[in-house]
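# Residue-level structural notes
Below, each chain spelled out in residue letters.
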Amino acid sequence: MADSMTDSQTGQNTRRRYEIAEDVLRRNIAEGLLPPGLVLLEGPIADILQTSRAPVQRALQALESDGLVHRFKGRGYLVGPPGAGIEPDRTDIKSLGLTIPEHADEALQSRSSWERIYNTVERDVAGCVVFGQYRIIEIELANHFKVSRTIVRDILTRLRERGLVRKNQSSHWIAGPLTAQTIKEHFVLRRMLEPQALQTGANDIDREALTALFDRLVALERRDLRDYLDDLEDIQARFIETCILATPNEKLQDLIRNNLLPMTATERLLRRLGLPGDPMVITELRLVVELLMRGAPCAAAAMLETHLDAAVNRTIAQMKIVAIIPGPGETADYLTRVQE
């Protein structure tokens, strides 16, 4: 009964955010603050509204069904009805100053506080699982953030959906350990999903964004490795967003995003520990992008497979180095190390 109530509450909260996002966008389109032809992307809108991408995605789909926005060959939506011959306007939406009614802003702020808690828990969990297995104690997590057990269960359920935690036979929430074998399993999924997504979405890739990505990769190749280590996470995220998530298959997009979460967290932790990077990462990504620019998606997908094969070996080699490190030092008080 409690679980069904939690599911219902979660669904209502998600729906409210979707309705708020739709109302804000609809109002700004009507007032002309979002002009015809403006390219609308989920990420920047989610940043402005301080929410996740899911409600923004639903809002844009609703606006599309009403003919207020439409899809085009690039990534995202164009403001205006389809068939109007509108040229894409890629002005940064963050520079336009959207009008957000006070009541909508307050509602979004209340939800964003929940999301900030989630992001912190995700970061805490991801930062320790490479060192072993940890138990997450619900009541201590609730007390740590001064929130209800219902919110805690929602957060843990979402972490489980993303493969970061699980329940053991005693119904305890367990995180980790992240081993070489689990890394390999995630990369097996990456090799199955990402080249396929790249090929199915090749015609929908935003060419301007692809060119900008290529130029940045070329520039990074010319720099010393130490100078761009901090840029690695951002450039890899841009590569995934531009080249992989352009696929129109939304189920495939979700599978890729969820599978990448623990991978991204692991790479972030390894960099934080000061482990050496490999300049070949940039070269491999540049070759994929270059092949896409030349209109060779099959060759680009094959190069992506080569990149993923090299990436799994790099990651496992770094995991072996971490294995001799004692541990993460201090962890959040709601995380308890489990002796294996």
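This is a predicted model, so every value here is computed, not measured. (Residues numbered from 1 in each chain as written. Predicted model: local features only at pLDDT ≥ 70, side-chain atom pairs only at ≥ 80, totals over all residues. Heavy atoms only, no water.)

## Description of a nonpolar patch on the surface
Judged by side-chain polarity, Val188, Leu189 and Met192 come together as a nonpolar surface patch covering roughly 280 Å² of accessible area. On the secondary structure map, Leu189 appears in helix H7 (residues 180-200). (Patch = residues over 30% accessible without salt bridge, like charges linked within 9 Å, V, L, I, M, F, W, Y side chains within 5 Å. Areas by Shrake-Rupley, 256 points an atom, 1.4 Å probe, with all protein chains shown as cover. Salt bridge = Lys/Arg side-chain N within 4 Å of Asp/Glu carboxyl O. Helix = DSSP H or I, 4+ residues; strand = E, 2+ residues; numbered from the N terminus.)

## A word on the sheet that holds strand E7 (residues 335-338)
The four strands are arranged E5-E6-E4-E7 in an open sheet whose pairing can be described as antiparallel. Across the chains shown, the open sheet's two edge strands, defined by having one partner strand only, are strand E5 (165-167) and E7. With strand direction ignored, the average angle separating the axes of adjacent strands in the sheet is 35 degrees. Judged from the three bridges that link them, E5 and strand E6 (residues 173-175) form a sheet pairing that is antiparallel. Among the inter-strand pairings, Arg166 is bridged to a residue of E6, identified as Ile174. Those strands touched by helix H6 (residues 149-161) are strand E4 (133-136), E5 and E6, and its axis lies near 105 degrees from that of E5. (Pairing = 2+ DSSP bridges. Axes fitted to C-alpha atoms, helices over the stretch in contact; angles between N-to-C directions. Contact = heavy atoms within 4.5 Å.)

## A look at the side chain of Asn259
Mapped onto the elements, Asn259 comes out in helix H11 (residues 250-272). By relative accessible area, which is 7% here, Asn259 ends up buried. For Asn259, the side chain forms a polar contact with the side chain of His186, separated by 2.8 Å. Contact partners of Asn259, with chain neighbours within four places excluded, come to His186, Leu189 and Arg190. (Buried < 20%, exposed > 50% of the residue type's maximum accessible area, 1.4 Å probe, protein only. Polar contact = N/O pair within 3.5 Å; in protein donor to acceptor, adjacent residues only side chain to side chain.)

## Some remarks on helix H12 (residues 280-293)
Spanning 14 residues, H12 covers 20 Å between terminal C-alpha atoms, matching the ideal 20 Å at 1.5 Å per step. Extensive coverage of H12 is indicated by the burial of ten of its 14 residues. Of the residues trailing H12, Gly295 is marked for its positive phi of about 75 degrees. (Expected span 1.5 Å × (residues − 1).)

## Some remarks on the nonpolar core
The biggest cluster of nonpolar side chains holds 66 residues, and the ones touching the most others in it are Val121, Ile136, Phe239 and Ile244. Beyond its immediate stretch of four places on either side in the chain, Ile136 contacts Val125, Leu141, Leu156, Val165, Trp173, Ala175, Tyr334 and Leu335. (Core = buried A, V, L, I, M, F, W, Y, C linked by side-chain atoms within 4.5 Å.)

## Let's talk about the side chain of His186
One can find His186 in helix H7. Apart from residues no more than four positions distant in its own chain, His186 is found in contact with Asn259, Pro262 and Met263.

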